[in-house]
Amino acid sequence: MSNWYLCYNSIKGFYCSKDSCITNDILCCSHEKKGFDIQIAKVEEKGIEIDIHSNFGFGSKSYLYAEIQLNGKSLFNFEDLNMLHAPNGFNPKHFYVRPVENEWETLFKKVANNCNNSLLINSDTIRDYFFELNRMIDSQEIEIYEFVREKVGVWNGSLLVLSLVSRQLTIIIENLEDTVYDFAYVNTLLVDTCKHFLQRFKLEYNSLNLDDERAKRIVASLLKIHQYMSRQNDIDFITSLM
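A brief report on the enclosed structure follows.

What counts, and where the lines are drawn
- Residues numbered from 1 in each chain as written.
- Predicted model: local features only at pLDDT ≥ 70, side-chain atom pairs only at ≥ 80, totals over all residues.
- Heavy atoms only, no water.
- Helix = DSSP H or I, 4+ residues; strand = E, 2+ residues; numbered from the N terminus.
- Rg over C-alpha atoms; globule rule 2.2 N^0.38 Å.
- Buried < 20%, exposed > 50% of the residue type's maximum accessible area, 1.4 Å probe, protein only.
- Areas by Shrake-Rupley, 256 points an atom, 1.4 Å probe, with all protein chains shown as cover.
- Lys, Arg positive; Asp, Glu negative; His and termini not counted.
- Charge placed at Lys NZ, Arg CZ, Asp CG, Glu CD.
- Phe/Tyr/Trp six-rings, centres within 6.5 Å; stacked < 30°, edge-to-face > 60°.
- Lys NZ or Arg CZ within 6 Å of the ring centre and 35° of its normal.
- Salt bridge = Lys/Arg side-chain N within 4 Å of Asp/Glu carboxyl O.
- Pairing = 2+ DSSP bridges.
- Axes fitted to C-alpha atoms, helices over the stretch in contact; angles between N-to-C directions.
- Contact = heavy atoms within 4.5 Å.
- Core = buried A, V, L, I, M, F, W, Y, C linked by side-chain atoms within 4.5 Å.

If you tally the helices and strands in the protein chain, you get six helices and ten strands. The C-alpha atoms of the protein chain give 20 Å as radius of gyration, which agrees with the globular expectation for 242 residues (18 Å, within 12%). Dimensions of the protein chain, computed from C-alpha atoms along their principal axes, come out at roughly 65 × 40 × 25 Å. Burial analysis of the protein chain (242 residues in total) assigns 49% to the buried set. Total accessible area computed for the protein chain in this model is approximately 12200 Å², and 49% of it derives from carbon and sulfur atoms. Computed over 25 positive and 33 negative side-chain charges, the separation of the two mean positions in the protein chain equals 3 Å.

What follows covers the packing of aromatic side chains. Counting across every chain of the model gives 15 aromatic pairs. Consider the rings of Phe-78 and Tyr-181, whose centres lie 5.2 Å apart with planes at 90°: the pair is edge-to-face. Note that Phe-78 is positioned in the loop between β7 (73-74) and β8 (95-97) and Tyr-181 in the loop between α3 (158-176) and α4 (184-204), a separation of 103 residues in sequence. Looking at Phe-78, the relative accessible area reads 4%, which means it is buried. The class of Tyr-181 is buried, set by a relative accessible area of 8%. In this structure, Lys-12 is placed above the aromatic ring of Tyr-15, and the distance from its NZ or CZ to the ring centre is 3.8 Å.

To continue, consider the pattern of salt bridges. In this structure the tally under the stated criterion is 16 salt bridges. With a shortest N-O distance of 3.0 Å, Lys-93 and Asp-178 are connected by a salt bridge. Residue Lys-93 is located in the loop between β7 and β8, and its partner Asp-178 is located in the loop between α3 and α4; the two are separated by 85 residues in the primary sequence. With a closest N to O distance of 2.7 Å, Arg-231 and Glu-177 form a salt bridge. Pair noted here: Arg-231 is in helix α5 (residues 213-231) and Glu-177 is in the loop between α3 and α4, with a separation of 54 residues, a long-range link. One network of salt bridges, with partners in common, ties together Asp-124, Arg-127 and Asp-128.

Read across the open sheet, the three strands follow the order β2-β1-β3; overall the sheet is antiparallel. This sheet does not close on itself; its edge strands, each paired only once, are β2 (13-17) and β3 (26-29). Taken over all neighbouring pairs, the strand axes of this sheet differ in orientation by 20° on average, direction set aside. With five bridges joining them, strand β1 (residues 5-9) and β2 adopt antiparallel strand pairing. The residue bridging Leu-6 from the neighbouring strand is Cys-16, located in β2. Contacting β1, β2 and β3, helix α1 (residues 104-116) crosses the sheet at an angle of about 170° to β2.

The next thing to look at is the nonpolar core. Phe-130, Leu-190 and Phe-197 are the most contacted members of the largest nonpolar core, which has 42 residues in total. Looking at this core, the elements with two or more residues in it are α2 (123-138), β9 (141-146), α3, α4 and α5. Among the elements that make up this core, the one with the highest residue count is α3 (nine residues). In contact with Phe-130, other than residues within four places in its own chain, are Phe-78, Val-186, Leu-189, Leu-190 and Thr-193.

A separate point is the environment of Ser-74. On the secondary structure map, Ser-74 appears in strand β7. Note: C-alpha distance between Ser-74 and Ile-50 (24 residues apart in sequence) is 9.8 Å. Residues within four places of Ser-74 in sequence aside, it is in contact with Ile-68, Gln-69, Lys-93, Asp-178, Thr-179 and Val-180.

Despite not being glycine, Asn-71 shows a phi value in the positive range, around 50°. Of note, Asn-71 is situated in the loop between β6 (63-70) and β7. Phi at Glu-150 takes a positive value of approximately 55°, unusual for a residue other than glycine. Of note, Glu-150 is situated in the loop between β9 and β10 (151-156).

Next up, the structure:
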């Protein structure tokens, strides 16, 4: 396999290359190593840290992703709508590609683009992210994305839909405050999505079997949602359930 390199210099910014002669620019390098590996690169003048995580050769537990921090705050991955449909491994601070060797170029280009544009807020991308989450909330069946195998399945019924959406919504809430996107526009969209979820939960509550562990997890997510909405000085948590 020919190596790919994630690179940086003050003129070109962050970029992806196959040229191994640019030694002084190289931050991270592709590899075929089996098992867990992490590469950490810092560009002090930009306040950026990049952590590349890989774990090849472990079937469904394999992964290849990047985490990017700007001045100690993580970038949030609003780009990969498919990951909202992933029942396992979802983390909105991870920039994923499929865990195969030929995806290194894709990953490094994704990292370079996000690092070069880390201070630019694409409101359309953010809006589309929450639009997809709200579409999922309204669904009676939901597509499930198996990321490693790149296959799509379907979950049917309110219990499974609410189970996945409540899980993803909780993870977003848990991670948002640690990102550079914890500001009014994003929080307004997230609060509205929380209200939307509460309305769907209210409609489906009487049909849920509360002895089912999935239903218990849905109910447990309400505390996280309540705490988040309270931090936003939003008083509509109770009225959303009435």
